[in-house]
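Okay, here's what each chain looks like letter by letter:
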Amino acid sequence: MSTHKYHAFLSHKSSDKEALRELKRRLLDLGLSAWLDEDEVKPGDRLLACLKEGMDSSQAFIACIGKEGQGPWQDLEIEAALIEAVTKKKPVIPLLLPGVNVKRPIEGCTRARFSF
């Protein structure tokens, strides 16, 4: 039995927020729960603690890569996720957003593609 609250943690750059909202909506339509910062981090919350809690309570980590690439916060999230991939065998899934064509966005991880 899984102790995870979410199926996936959605990591992204702020400029890709609209695509992430659509991705989360589609995941929910499939019966899958997703951690998205704007839904989980409230004013006054400690951001790093919220990110850690979100990652710890998710079965998988999805690194959403948009046209502008990765942001600095996302780089830190991915680094933490790759450590968990090794220590906890938690999947890290690079997901290319519409219009992105990168062969290996995260070294050692196969990628998926999201389209509208």
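Residues numbered from 1 in each chain as written. Predicted model: local features only at pLDDT ≥ 70, side-chain atom pairs only at ≥ 80, totals over all residues. Heavy atoms only, no water.

Undergrad: Is there a simple way to explain the pairing of strand 1 (residues 6-11) in this structure?
TA: Sheet faces and side chains relate simply in a regular strand, where the side chains alternate between the two faces. Burial analysis of strand 1 places five of its six residues in the buried class, the great majority of the element. With five bridges joining them, strand 1 and strand 3 (residues 58-65) adopt parallel strand pairing. By the bridge assignment for strand 3, Leu-10 is matched with Ile-62. Handedness of the β-α-β unit built from strand 1, helix 1 (residues 17-29) and strand 2 (residues 34-35) comes out right-handed. (Buried < 20%, exposed > 50% of the residue type's maximum accessible area, 1.4 Å probe, protein only. Helix = DSSP H or I, 4+ residues; strand = E, 2+ residues; numbered from the N terminus. Pairing = 2+ DSSP bridges. Right-handed = clockwise from strand over helix to strand, strands pointing away.)

Undergrad: What is the right way to look at the nonpolar core in this model?
TA: One broad rule of soluble globular proteins: the nonpolar side chains tend to lie buried together. Ranked by size, the top nonpolar core spans 13 residues in total, and within it Leu-10, Leu-20, Leu-23, Ile-62, Cys-64, Leu-95 and Leu-97 carry the most contacts. Contributions of two or more residues to this core are made by strand 1, helix 1 and strand 3. The dominant element in this core, judged by the number of residues it contributes, is helix 1, at four residues. (Core = buried A, V, L, I, M, F, W, Y, C linked by side-chain atoms within 4.5 Å.)

Undergrad: Would you mind showing me how to read a nonpolar patch on the surface here?
TA: A surface patch of nonpolar side chains, about 420 Å² in accessible area, is lined by Leu-47, Leu-48, Trp-73 and Leu-76. Contributing elements (two or more residues each) for the nonpolar patch: helix 3 (47-56) and helix 4 (72-87). Locating Trp-73 in the fold gives a position in helix 4. (Patch = residues over 30% accessible without salt bridge, like charges linked within 9 Å, V, L, I, M, F, W, Y side chains within 5 Å. Areas by Shrake-Rupley, 256 points an atom, 1.4 Å probe, with all protein chains shown as cover. Salt bridge = Lys/Arg side-chain N within 4 Å of Asp/Glu carboxyl O.)

Undergrad: It is not clear to me how the environment of Leu-82 should be interpreted in this structure. Could you clarify?
TA: Mapped onto the secondary structure, Leu-82 falls in helix 4. Distance from Leu-82 to Val-92, taken between C-alpha atoms, is 6.8 Å for residues 10 residues apart in sequence.

Undergrad: What is the right way to read the confidence of the model for the chain from this model?
TA: A low pLDDT means the predicted coordinates there should not be read in detail. Put simply, the chain has an average pLDDT of 90, and 88% of its residues get 70 or more. Within the chain, the lowest mean pLDDT, 67, falls on strand 5 (residues 112-113), and the highest, 98, falls on strand 2. (pLDDT = per-residue confidence, 0-100.)

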